[in-house]
Amino acid sequence: MTDVLLSGRHDAVLTLTINRPDALNALNRETTRALTTAFEAAARDPEVGAIIVTGAGRAFCAGADLSVLAEDGTSLVAAGKDVALTIRAAPQPVLAAVNGPAAGGGANLALACDYRIASDQASIGQVFHKLGLVPDWGGSFFLPRLVGTSRALELVWSARMVPADEALALGLFDRVVPHPALAPETRRLAEQWAAQPAEAVRRAKQAVYLSEVSSLASMLDLEITQQNELFATPEARQRIGAALSKRSH
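The structure contained in this document is the topic of the report that follows. This structure is a prediction, so every number in the text was calculated from the model and none was measured.

Criteria and cut-off values
- Residues numbered from 1 in each chain as written.
- Predicted model: local features only at pLDDT ≥ 70, side-chain atom pairs only at ≥ 80, totals over all residues.
- Heavy atoms only, no water.
- Helix = DSSP H or I, 4+ residues; strand = E, 2+ residues; numbered from the N terminus.
- Buried < 20%, exposed > 50% of the residue type's maximum accessible area, 1.4 Å probe, protein only.
- Contact = heavy atoms within 4.5 Å.
- Pairing = 2+ DSSP bridges.
- Axes fitted to C-alpha atoms, helices over the stretch in contact; angles between N-to-C directions.
- Polar contact = N/O pair within 3.5 Å; in protein donor to acceptor, adjacent residues only side chain to side chain.

**Quick word on the environment of P93**
Note that P93 resides in the loop between α2 (66-89) and β4 (94-98). Overall, the relative accessible area of 10% leaves P93 in the buried class. Along the primary structure P93 and E166 are separated by 73 residues, whereas in three dimensions their C-alpha atoms are 25 Å apart. Setting aside anything within four residues of it in sequence, one finds P93 in contact with G49, A50, I51, D114, W193 and V201.

Okay, here's the thing in structure tokens:
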């Protein structure tokens, strides 16, 4: 039986590849369980400094497997909560390498990631209305925060697939590169972020997402707490000392 999720680590970068290319990497029970398990394991692994999520073949993820959706759609929708929260809870940067169409739950899997770098052949869409449904897997949360309320509603109501250049302009994609450059450019960025101090990276991710539901005063207090904790770490002392030494010469 073919693994529905391929996992490979090169140095500090872990790549998770949804591996159902014949089904355009549509999500089924096995895939969602494998994604949650892989993210939970990576979150506990100090050797993993960054995580890349991508799809095998010509698609990133076509969303729900329709046969599963027809039989047990409620379980698939519930699994999206687990996947999205596990991604956001991971201490490492999580990058979506969107290599092709990302539709429905597949679109929102990409939006759950911290950063989206896409092929110029990629597209992304909230296609739920085509099935008489509404966005799940976090779409109603991610979309308005990325594109604003009215644009989010347009994307949902139109149920259209958005091409890469428009997705970049809207903020659904953070960067678009020529298709052959997607894998090396994603790896380069992941390696760069993985080389940063892990504790600082974790706290920065935590703070940025917490700011969505926090006041300025509470964020300033959190920054003071986090910075005081980091001042005490050997890595920060070493880096500050090195910077000071370089400045004095």
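**Topic: the sheet that holds strand β5 (residues 101-103)**
Taken in spatial order, the three strands make up an open sheet running β5-β7-β8, and their pairing is mixed. This sheet does not close on itself; its edge strands, each paired only once, are β5 and β8 (161-163). Each strand of the sheet is rotated relative to its neighbour by a mean of 20 degrees, with strand direction disregarded. Judged from the three bridges that link them, strand β7 (residues 123-125) and β8 form a sheet pairing that is antiparallel. If you follow I124 over to β8, its bridge partner there is V162.

**A closer look at the side chain of T86**
Its place among the elements puts T86 in helix α2. At 2.5 Å, the side chain of T86 forms a polar contact with the backbone oxygen of D82.

**Remarks on the pairing of strand β2 (residues 13-18)**
Of all six residues that make up β2, six are buried, and the element is covered over most of its length. Alternating residues of β2 divide into V13, T15 and T17 and L14, L16 and I18, and every residue in both groups is buried. Direction of pairing for strand β1 (residues 5-10) relative to β2: antiparallel, over a ladder of six bridges. By the bridge assignment, H10 is partnered in β2 with V13. Counting the residues between successive antiparallel strands, the hairpin from β1 to β2 contains two residues, one of them, D11, with a positive phi of roughly 55 degrees. Note: β2 against strand β3 (residues 50-55), six bridges, orientation parallel. Bridging from a neighbouring strand, L14 pairs with I51 of β3.

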